[in-house]
Amino acid sequence: MRPPRLLTALLAAGLSLGGTLAALPGSTAAAADPGYTKTPLWFSVPVGGGTTCTVVGDLYLPSAASSRHRVPAILTTNGFGGSKDSQAGLGRVFAQRGYAVLSYSGLGFGGSSCPISLDSPQRDGRAAKALVSYLGGRGGLAYLDSGLTKPAPRLEVVEHDARDHRGGHSAHDPRVGMVGGSYGGGVQFAAASIDPRIDTLVPLITWNDLSYSLAPNTVVENGPGQRAHGVTTPLHGASKLLWAGGFSALGVINGLQYAQADQQRLVGCPDFESWVCPALVNAVAAGTLDDATYAKLHDRSVVSFMKRITVPVLLAQGEGDTLFNLNEAITTYRSLRAQGTPVKMLWSDGGHSNPYPAGELSLTDPDPATQYLTGRISDWLDHYLRGRRVSTGPRFAYFRDWVRYTGNAAPAYASAPRFPLGGSTRLFLSGTTLTPSAVNLDEGSQQFLTPVLGLPSSLDPLDLVSSYAPIPVPTGDLPGTTASWTTAKLTRPLTVVGSPRVRLRVETPAAAVDSASATTALTLFLKILDVAPDGTATVVRDLVAPARIADPTRAFTVQMPAFAHRFAPGHQLRLMVTGGSSNYRGGQVANPVTISTGSTRQVLTLPTP
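Notes on the structure follow.

Conventions we followed
Along each chain, residues carry numbers from 1 onward, in the same order as the chain's sequence is written. pLDDT decides what is reported in this predicted model: residues at 70 or higher carry local features, side-chain atom pairs at 80 or more are listed and counted, and totals for whole chains, interfaces and linings draw on all residues regardless. Calculation of side-chain values draws on the structure's entire complement of heavy atoms; hydrogens and water are dropped beforehand. Helix and strand definitions follow DSSP, with helices as H or I runs of at least four residues and strands as E runs of at least two, each counted in order from the N terminus. Buried means the residue's accessible area, taken with a 1.4 Å probe over protein chains only, is under 20% of the maximum for its type, while exposed means over 50%, and partly exposed covers the values in between. What makes two residues a contact is simply this: any of their non-hydrogen atoms within 4.5 Å. Note on areas: these come from Shrake-Rupley sampling with a 1.4 Å probe, and a residue is covered only by the protein chains present in the view. By arc we mean the arc of the directions from the helix axis to the C-beta atoms, nothing more. Any N or O atom pair separated by 3.5 Å or less is treated as a polar contact, with the protein-specific requirement of one donor-capable and one acceptor-capable atom, and with residues adjacent in sequence counted only for side-chain atom pairs. By salt bridge we mean one thing: a side-chain nitrogen of Lys or Arg within 4 Å of a carboxyl oxygen of Asp or Glu. Put simply, a nonpolar core is a bunch of buried Ala, Val, Leu, Ile, Met, Phe, Trp, Tyr and Cys residues held in one set by side-chain atoms that sit within 4.5 Å of each other. The aromatic pairing rule takes the rings of Phe, Tyr and Trp, using the six-membered ring of Trp, and pairs them if the centres are within 6.5 Å, calling planes under 30 degrees apart stacked, those over 60 edge-to-face and the rest tilted. Strand pairing requires that DSSP identify at least two bridges connecting the strands. Orient the strands so they point away from the viewer, and a crossover whose first-strand-to-second-strand path over the helix runs clockwise is right-handed. Two joining distances apply to patches: 9 Å for like charges and 5 Å for nonpolar side chains (Val, Leu, Ile, Met, Phe, Trp, Tyr), and every residue must have over 30% relative accessible area and no salt bridge. We treat Lys and Arg as the positive residues and Asp and Glu as the negative residues; His and chain ends play no part in the count. Throughout, a charge is located at the NZ atom of Lys, the CZ atom of Arg, the CG atom of Asp or the CD atom of Glu. To define axes, lines are fitted to C-alpha atoms, for helices over the stretch in contact only, and angles between the resulting N-to-C directions are given on a 0 to 180 degree scale. What sets the label is the angle itself: under 35 degrees gives roughly parallel, over 145 gives roughly antiparallel, 65 to 115 gives roughly perpendicular, and the rest give oblique. Each residue receives one of three labels: charged for Asp, Glu, Lys and Arg, nonpolar for Ala, Val, Leu, Ile, Met, Phe, Trp, Tyr, Cys and Pro, and polar for the others, Gly being one of them. Any two cysteine sulfur atoms lying within 2.5 Å of each other are counted as a disulfide.

Further remarks concern the overall build of the protein chain. What the protein chain contains, in helices and strands, is 10 helices and 29 strands. When the 609 residues of the protein chain are sorted by exposure, 61% land in the buried category. Counting contacts in the protein chain only where the partners sit at least 6 residues apart, residues at least 24 apart contribute 75% of the total. When the accessible surface of the protein chain is summed, it comes to about 22200 Å², and 53% of that surface belongs to carbon and sulfur atoms.

To continue, consider helix 8 (residues 291-299). Burial in helix 8 covers these residues: Thr 293, Tyr 294, Leu 297 and His 298. Along the long axis of helix 8, the arc covered by the buried residues comes to 130°, so they all point the same way. As for helix 8, its buried residues are in contact with helix 5 (210-214) and helix 7 (276-286). Two or three places before Ala 292, at the start of helix 8, stands the capping residue Asp 290, its side-chain oxygen 3.1 Å from that residue's backbone nitrogen.

Moving on, we get to the pattern of salt bridges. Counting across every chain of the model gives 15 salt bridges. Here Asp 382 makes a salt bridge to Arg 97, at a shortest N to O gap of 4.0 Å. Here Asp 382, found in helix 10 (residues 372-385), pairs with Arg 97, found in the loop between helix 2 (88-96) and strand 5 (100-104); they are 285 residues apart in sequence, far enough to count as distant. Of the charged contacts, one joins Asp 195 and Arg 197 as a salt bridge, the two residues approaching to 2.8 Å between their closest N and O atoms. Using a relative accessible area of 1% as the deciding quantity, one classes Asp 195 as buried. Salt bridges here are not isolated pairs; linked through shared partners, they connect Lys 38, Asp 58, Lys 84 and Asp 85.

Moving on, we get to the nonpolar core. Within the largest apolar cluster, 62 residues are counted, with the highest numbers of intra-cluster contacts made by Leu 75, Tyr 134 and Trp 347. For this core, the element with the most residues is helix 3 (residues 121-135), which contributes seven residues. In this structure Leu 75 touches Leu 102, Tyr 104, Ala 128, Leu 131, Val 132, Leu 135, Val 176, Gly 177, Met 178 and Val 179, once residues within four positions along its chain are discounted. Counting residues in each nonpolar core, the second largest holds 34 residues, with Trp 485, Leu 494, Leu 524 and Phe 567 among its members.

All right, on to the packing of aromatic side chains then. Inspection of every chain in the model, using the stated rule, returns 18 aromatic pairs. With a centroid separation of 5.5 Å and 75° between ring planes, the pair formed by Phe 399 and Tyr 413 is classed as edge-to-face. Of this pair, Phe 399 sits in strand 12 (residues 396-399) while Tyr 413 sits in strand 13 (residues 413-416); the two residues are 14 residues apart in sequence, bridging distant segments of the chain. Assigned by exposure class, Phe 399 and Tyr 413 land together as buried. Clustering of aromatic rings is evident, with ring pairs tying together Phe 80, Phe 109, Tyr 183, Trp 207, Phe 272 and Phe 324.

Burial of strand 10 (residues 313-318) is extensive: six of the six residues sit out of reach of the surface. Where burial is concerned, the two faces of strand 10 agree: the one with Val 313, Leu 315 and Gln 317 and the one with Leu 314, Ala 316 and Gly 318 are both buried. As paired strands, strand 8 (residues 200-204) and strand 10 are joined by two bridges and run parallel to one another. Looking at strand 10, one finds that Leu 201 is bridged to Val 313. Direction of pairing for strand 10 relative to strand 11 (residues 343-348): parallel, over a ladder of six bridges. Following the sheet pairing, Val 313 is matched in strand 11 by Val 343. Between strand 10 and its parallel partner strand 11, the chain crosses via helix 9 (residues 326-338), and the hand of that crossover is right-handed.

To continue, consider the environment of Pro 115. Relative to the assigned elements, Pro 115 resides in the loop between strand 5 and helix 3. Taking the C-alpha atoms as reference points, Pro 115 and Glu 273, 158 residues apart in sequence, are found 5.5 Å from one another. Pro 115 has contacts with Leu 107, Asp 271, Phe 272 and Glu 273, leaving out every residue within four places of it along the chain.

On the surface, a nonpolar cluster with roughly 260 Å² of combined accessible area is contributed by Val 452, Leu 453 and Leu 455. Looking at the element boundaries, Val 452 is found in the loop between strand 16 (444-449) and strand 17 (458-459). Since its relative accessible area comes to 40%, Val 452 is described here as partly exposed.

Another aspect to go through is a positive patch on the surface. Together, Arg 334, Arg 501, Arg 503, Arg 505 and Arg 601 make up a region of like positive charge exposed at the surface. Within the secondary structure, Arg 601 sits in the loop between strand 28 (592-597) and strand 29 (603-608).

The subject of this paragraph is the packing of helix 3 against helix 4 (residues 183-194). In contact at an axis separation of 8 Å, helix 3 and helix 4 are set at 80° when each is read in the N-to-C sense. Classified by the interaxial angle, the pair formed by helix 3 and helix 4 is roughly perpendicular. From helix 3, Pro 121, Asp 124, Gly 125, Arg 126, Ala 128 and Lys 129 reach across to helix 4, where they touch Tyr 183, Val 187, Ala 190, Ala 191, Ser 193 and Ile 194. By residue class, the composition of the contact of helix 3 with helix 4 is seven nonpolar, two polar and three charged.

Tallied over the entire structure, the rule returns one disulfide. Sulfur-sulfur distance for the disulfide between Cys 53 and Cys 114 comes to 2.0 Å. With the S-S dihedral at roughly -100°, the linkage between Cys 53 and Cys 114 falls on the left-handed side. Within this pair, whereas Cys 53 is found in strand 3 (residues 52-62), its partner Cys 114 is found in the loop between strand 5 and helix 3, the two being separated by 61 residues in sequence.

The next thing to look at is unusual backbone geometry. Cis geometry marks the peptide bond from Phe 419 to Pro 420; its omega dihedral reads 0°. Its identity as a non-glycine residue notwithstanding, Asp 119 has a phi of 60°, on the positive side. Here Asp 119 lies in the loop between strand 5 and helix 3. A relative accessible area of 1% places Asp 119 in the buried class. Phi angles above zero are rare outside glycine, and Leu 148 is one such case at about 60°. Relative to the helices and strands, Leu 148 resides in the loop between strand 6 (142-143) and strand 7 (176-181).

And the structure:
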């Protein structure tokens, strides 16, 4: 999504790539950047069910490319709310580095027709597949005018592969990789799931399961039948408010922008497939997803077709991302590793909720030499598309916001040959404290009340605007709506890298509910805070873990959003459990909750290097 300025990082996800070739009709040379040409194109692409969509794009070709000097290709598209223009910076740079780049506006965006389908393989995947065919030399798809009256010549400058990634011979098989972020990352999985000609993927800050992204539940175990698989849980989670509302508004605004040329955008659910609007309204009203919406979101997620992703993948996810948090990338990484798909994972500083620092990635002026993430992308593509013997970097790398650097962000990155890193620290809940020892735990209990009708009892840093807000957003918790445990002041640094796990047992009058349909499940929100010596408490990376508990009579385990953070000496770590959050729709029913301590059953486990 791309509300002005607030979601620049989302567009940063829809990386663009550019280039030019021996000039196509209508192409223009870039006077300020010699060495490539840029040609506007319009495509007529079939997407199934008798539907044909018009897709707009820009083709960047290196000046030296020809039928005798063929080049590899990159296909890229925008993040939600963006367009083909969002990728112009990376397009220019990669064209100058010898790639043919086709940047296009995704279906429903930037002048491309057909409704937004949330990266459905059957729609968005098929559209991308047609563009792959164009890059492979197929004619009859591209035009030089919006009226589709002037056919573009066949493209005959892209390298071809003898076999696709299923071992067969495919017509019009280019050497091609995909790059993009967020919405432009999700489409890569959708396309690769149906097109074995695609050779590699570089999805940035994107999702594993949209049902988790928009209504997460972090309870990964709660008795028989209540065990999660990755981020996918049996009981649907708590609806996000600001992110869902922002996406909806941005889609409608995009539809209004192009309505004069395509009035069908305003029919039904403006600019979306018809099911989206009522699904979002119902999710906000009920506080969670209905089964039909869950199924549609799940089907548009790589978790549903993971086994069909067999080409090398470079995953990059933002540590400060409250839309698609690190747990999504972790789940995708582990699944790909388990099935033998080549994959590496990188945790960046930038993401949906905060901008990329200059030394990590710049869309307007990308430079592999001075930007860590841009350099990793460039090396990855050179290795897998050009066959160069360059390192693709460590298997796992993560940004450390406690390390100072100037210029390239590389010094702030740590690397490891595996994930998870392997270490852990256990802290037991004891009275109102967190203690590293299970000996002589103090018994005690804390009580609080969850609010009625899902109202927020905690003003958390607001999703969508946290790092972009021009003025500080007030935060705090209403008295009587929280329980918390705090460590003693640390005598040495405590570094956490990964997803903390919390094992809890609570007492509440709320009855056990049917995990398949209930909207009255007990809903809690967990967060970890860094408490400075002056008492100022900050939610680490603004991450909040919604926990909808199917059976509150049983113990449950919460897998909190992962982060990389160092608690400095003199600081304290605080675990807080609350009854509501300003970023989520909480539980429908007010419930008194008691958490008793003095037992090793109540424990916080922190992953450490």
